[in-house]
Amino acid sequence: MTKTQTYALLLRGINVSGHRKVPMAELRSLLEGLGHTGVRTYLQSGNAVFTTGSGDGEDALGTAIEDAIEARFGFRVDCLVRDGDYLAAVADACPFPAAELQGKELHAIYCSGPVDPGRFAAIDREAFLPEEFALGDRVLYLHVPDGLGTSKLAPAISRPSVVKGLVTTARNWNTVVKLIEMTRED
């Protein structure tokens, strides 16, 4: 018997300014149609949690969901799938004082692969203070005291020349915590 595992699904760039619309009810239905159970969504920006016993790894699950979204909606959406233990480990490893910050001040930028420090070596960290970033396991931690919308550092670490070959998607810390909670609900 295959062990079931609970995952978070992070979709990149949907439901932004009326473009690339993926209604959450339809996303839930799509995931259930792929055989996943316990499907729940959070917010409208592309967060879902599901349980599966498929035995497929995160990358294979992500690709299957990308294919299903393209077939259903007519456009491809990058999807990162991460298990609950990984999400909790990301939160535990956060180098910033998450409990002391507002959710809008701290973000996790999840990446499809390792975040090699060499990619970020040319960024003059001092020039962006008090904004800061740190590298983790397939994640960048971004501390932006005035929020992401006015950040100068966020565009610098997201430049195509820096993240080339990686799929990245950011979540504020409130969403990080909520997705951990959701992956632990059963």
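S.K.: What am I meant to see in the packing of aromatic side chains here?
M.R.: Two measures describe an aromatic ring pair: the distance that separates the ring centres and the angle between the ring planes. Evaluated as defined, the whole model comprises five aromatic pairs. Relative to Y110, the ring of Y86 lies with its centre 6.4 Å away and its plane at 55 degrees, an arrangement referred to as tilted. Taken together, the positions of Y86 in helix α3 (residues 84-92) and Y110 in strand β5 (residues 106-111) put the pair 24 residues apart, joining distant regions of the chain. Here Y86 falls in the buried class, since its relative accessible area comes to 7%. Between F120 and F133 the ring centres are 5.7 Å apart and the planes differ by 55 degrees, which places this aromatic pair in the tilted class. Here F120 is found in the loop between β5 and β6 (132-136), whereas its partner F133 is found in strand β6, with 13 residues between them in sequence. Take F120 and F133: they sit in the same class, and that class is buried. A cation over a ring is seen here: R72 above F73, with NZ or CZ 4.8 Å from the ring centre. Positioned above the aromatic ring of Y86, the side-chain terminus of R82 is 5.7 Å from the ring centre.

S.K.: Whenever I open this one, the packing of α3 against helix α6 (residues 173-184) confuses me. Can you help?
M.R.: The packing of two helices is summarised by the inter-axis angle and the distance between the axes. Contact geometry of α3 with α6 gives a least axis separation of 9 Å together with a crossing angle of 145 degrees. Every pair of crossing elements has a handedness; the one defined by α3 and α6 is left-handed. Each of G84, L87, A88, V90 and A91 in α3 lies in contact with α6, whose residues at this interface are W173, L179, I180, T183 and R184. Its residues assigned to classes, the contact of α3 with α6 shows seven nonpolar, two polar and one charged.

S.K.: Even after reading the chapter, I still don't get the side chain of R138, so can you show me in this structure?
M.R.: Inspection of the secondary structure assignment puts R138 in the loop between β6 and β7 (139-143). A polar side-chain atom of R138 sits 3.1 Å from a polar atom in the side chain of E58. With residues near it in sequence (within four places) discarded, R138 still touches E58, R82, Y86, I109, Y110, C111, G113, P114 and V115.

S.K.: Honestly, helix α2 (residues 58-73) in this entry has me stumped. Any pointers?
M.R.: Quick reminder: α-helices carry 3.6 residues per turn. Residues three or four places apart thus point the same way. For α2, built from 16 residues, the straight-helix expectation of 22 Å at 1.5 Å per residue is met to within 8% by its first-to-last C-alpha distance of 22 Å. What α2 keeps buried is the set E58, L61, G62, I65, E66, A68, I69 and F73. Seen end-on, α2 carries its buried residues on one side only, within an arc spanning 170 degrees. The exposed set on the far side of α2, more than 90 degrees from its buried face, consists of D59 and A71. Along its buried surface, α2 packs onto β1 (5-11), α1 (24-33), β3 (47-52) and β4 (79-83).

S.K.: Looking at this model, I keep getting lost on α1. Mind explaining?
M.R.: Buried within α1 we find M24, L27, L30 and L31. Along the axis of α1, the buried positions cluster into a sector of 115 degrees, meaning they face one direction only. Against β1, β2 (37-42), β3 and α2 lie the buried residues of α1.

S.K.: Help me out: how do you make sense of the sheet that holds β1 in this one?
M.R.: Across a sheet, paired strands are connected by hydrogen bonds in the backbone, their directions being either parallel or antiparallel. Sheet architecture is open: four strands sit in the order β2-β3-β1-β4, paired in antiparallel fashion. Looking at which strands have only one partner, the edges of the open sheet turn out to be β2 and β4. Between one strand and the next, the sheet's axes are offset by a mean angle of 20 degrees, whatever the strand orientation. Packed onto the sheet, α1 meets β1, β2 and β3 and runs at close to 155 degrees relative to β2. Set on the sheet, α3 makes contact with β1 and β4; between it and β4 the angle comes to about 85 degrees.

The rules behind each value
- Residues numbered from 1 in each chain as written.
- Predicted model: local features only at pLDDT ≥ 70, side-chain atom pairs only at ≥ 80, totals over all residues.
- Heavy atoms only, no water.
- Phe/Tyr/Trp six-rings, centres within 6.5 Å; stacked < 30°, edge-to-face > 60°.
- Helix = DSSP H or I, 4+ residues; strand = E, 2+ residues; numbered from the N terminus.
- Buried < 20%, exposed > 50% of the residue type's maximum accessible area, 1.4 Å probe, protein only.
- Lys NZ or Arg CZ within 6 Å of the ring centre and 35° of its normal.
- Axes fitted to C-alpha atoms, helices over the stretch in contact; angles between N-to-C directions.
- Left-handed = near helix turned anticlockwise from the far one by under 90°.
- Contact = heavy atoms within 4.5 Å.
- Nonpolar A, V, L, I, M, F, W, Y, C, P; charged D, E, K, R; others polar.
- Polar contact = N/O pair within 3.5 Å; in protein donor to acceptor, adjacent residues only side chain to side chain.
- Expected span 1.5 Å × (residues − 1).
- Arc of directions from axis to C-beta.
- Pairing = 2+ DSSP bridges.

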